[in-house]
Amino acid sequence: MGNQKGMDRMGELLPAHIGLIMDGNGRWAKKRGLPRQAGHKAGASTFKRIVRYANRLGIPYMTVYAFSTENWSRPPEEVRGIIALLREFLSDAANYRDENVRTRFIGDLSQFDQDIQSKVRECEEVSAGHTGLTLNIAINYGGRMELMKAARELAAEAAAGKITPEEIDEELFARHLYTQGQPDVDLVIRPSGEERLSNFLLWQAAYAEFVSMEVLWPDFDEKCLDRAIEEFRNRNRRFGGV
Ligand code: FPP
């Protein structure tokens, strides 16, 4: 799918799909002499706040990187802490009901405990009919893993004689990604000054504008999102339509 670029109420260009790498929780905590978990906790509140704001702005799709396939290699205590925050978020299945946000989860969910898997399904079902922002929460997600999954599924279909290799084009391939049916990512935001994609949405972000910001994720606020969108608009003004 190509970009379905929308406009905000002022007629200004809005990104169709924002990818958000929530980075810098650990450094935020360290700066304050707090345990890393305090950074993740603060990061989780920032996450809820920014989702509400993105929805208010009229952003159609947003994907947040909450837990990567690589994050399992962190100390077990830290992994448990992040998963506890995820559980906390999930236990309120009515999250964003008033805001009309549609919540989805992307990644290999089979690695999580059964209670998490069923809460994830519940959360998705409860919000399936919501018509505001579509929020993808990436957990145990990795871009390469997602591409391999698509390749395996297509290979199996070809081996079973359901498709021929020649039929595999971008559109068919994209239908085997977690984000099937959603527009490409056109803006990736990474706070904490890092400038890496870190295995995030490798296919979907192929043509995205990448905006790196100095702020640490727990300090990321509404103004930061405004600034990133403004940067996205400026780049589109400079390079688009000539
Ligand atoms: C990266 O910061 C952050 C993470 C690996 C975890 C992100 C998790 C949350 C924001 C909270 C849980 C999410 C939900 C959906 C409730 P880092 O620890 O790598 O920071 P550092 O680079 O400064 O150490």
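Structural notes, computed from the coordinates. (Residues numbered from 1 in each chain as written. Predicted model: local features only at pLDDT ≥ 70, side-chain atom pairs only at ≥ 80, totals over all residues. Heavy atoms only, no water.)

### Here we look at the pattern of salt bridges
Point 1. Here the structure, examined in full by the defined rule, presents 18 salt bridges.
Point 2. A salt bridge links D8 to R233, with the shortest nitrogen-to-oxygen separation between them at 3.0 Å. Here D8 is found in the loop between β1 (6–7) and β2 (13–14), whereas its partner R233 is found in helix α7 (residues 222–239), with 225 residues between them in sequence.
Point 3. On the basis of relative accessible area, R233 is assigned to the buried category, the value being 11%.
Point 4. In this structure, the salt-bridge partner of E222 is R49, at a minimum N-O distance of 2.7 Å. Remark: R49 occurs in helix α2 (residues 36–57) and E222 occurs in helix α7; sequence separation between them is 173 residues.
Point 5. On the basis of relative accessible area, R49 is assigned to the partly exposed category, the value being 42%. (Salt bridge = Lys/Arg side-chain N within 4 Å of Asp/Glu carboxyl O. Helix = DSSP H or I, 4+ residues; strand = E, 2+ residues; numbered from the N terminus. Buried < 20%, exposed > 50% of the residue type's maximum accessible area, 1.4 Å probe, protein only.)

### What about the sheet that holds strand β5 (residues 102–106)?
Point 1. What the six strands build is an open sheet, ordered β5-β6-β4-β3-β7-β8; its pairing is parallel. Each of the sheet's edge strands pairs with one partner strand only, and the pair in question is β5 and β8 (209–212). Averaged over all pairs of adjacent strands, the angle between strand axes in this sheet comes to 20°, irrespective of strand direction.
Point 2. As defined by bridge partners, strand β3 (residues 17–21) adjoins strand β4 (residues 61–68) across five bridges and the pair is classed as parallel. The residue of β4 that forms the bridge with L20 is V64. (Pairing = 2+ DSSP bridges. Axes fitted to C-alpha atoms, helices over the stretch in contact; angles between N-to-C directions.)

### Notes on helix α5 (residues 143–159)
Point 1. Between its first and last C-alpha, α5 extends 24 Å over 17 residues, near the 24 Å set by a 1.5 Å rise per residue.
Point 2. Buried residues of α5: G143, E146, A150 and L154, and no others. Each buried residue of α5 sits inside an arc of 70° when the element is viewed along its axis, so together they form one side. Within α5, the exposed residues directed more than 90 degrees away from the buried face are R144, R152 and A159.
Point 3. Buried residues along α5 sit in contact with β6 (134–141) and α6 (170–174).
Point 4. Looking one or two residues beyond α5, the residue adopting positive phi is G161, at roughly 80°. (Expected span 1.5 Å × (residues − 1). Arc of directions from axis to C-beta. Contact = heavy atoms within 4.5 Å.)

### A closer look at the site of the ligand
Point 1. Around the ligand, a shell composed of 17 residues is seen, among which M22, G26, R27, R36 and R74 lie nearest.
Point 2. At 2.9 Å, a side-chain N or O of R36 approaches an oxygen atom of the ligand.
Point 3. The side chain of R74 places a nitrogen or oxygen atom 2.8 Å from an oxygen atom of the ligand.
Point 4. When isolated, the ligand has an accessible area of 630 Å², and the protein chains bury 91% of it.
Point 5. Elements with a contribution of two residues or more to the shell around the ligand: α1 (25–31), α2 and α3 (76–91).
Point 6. It is α2 that contributes the most residues to the shell around the ligand, five residues altogether.
Point 7. When the residues that make up the shell around the ligand are grouped by side-chain class, the tally is seven nonpolar, six polar and four charged. (Near = heavy atom within 4 Å. Polar contact = N/O pair within 3.5 Å; in protein donor to acceptor, adjacent residues only side chain to side chain. Areas by Shrake-Rupley, 256 points an atom, 1.4 Å probe, with all protein chains shown as cover. Nonpolar A, V, L, I, M, F, W, Y, C, P; charged D, E, K, R; others polar.)

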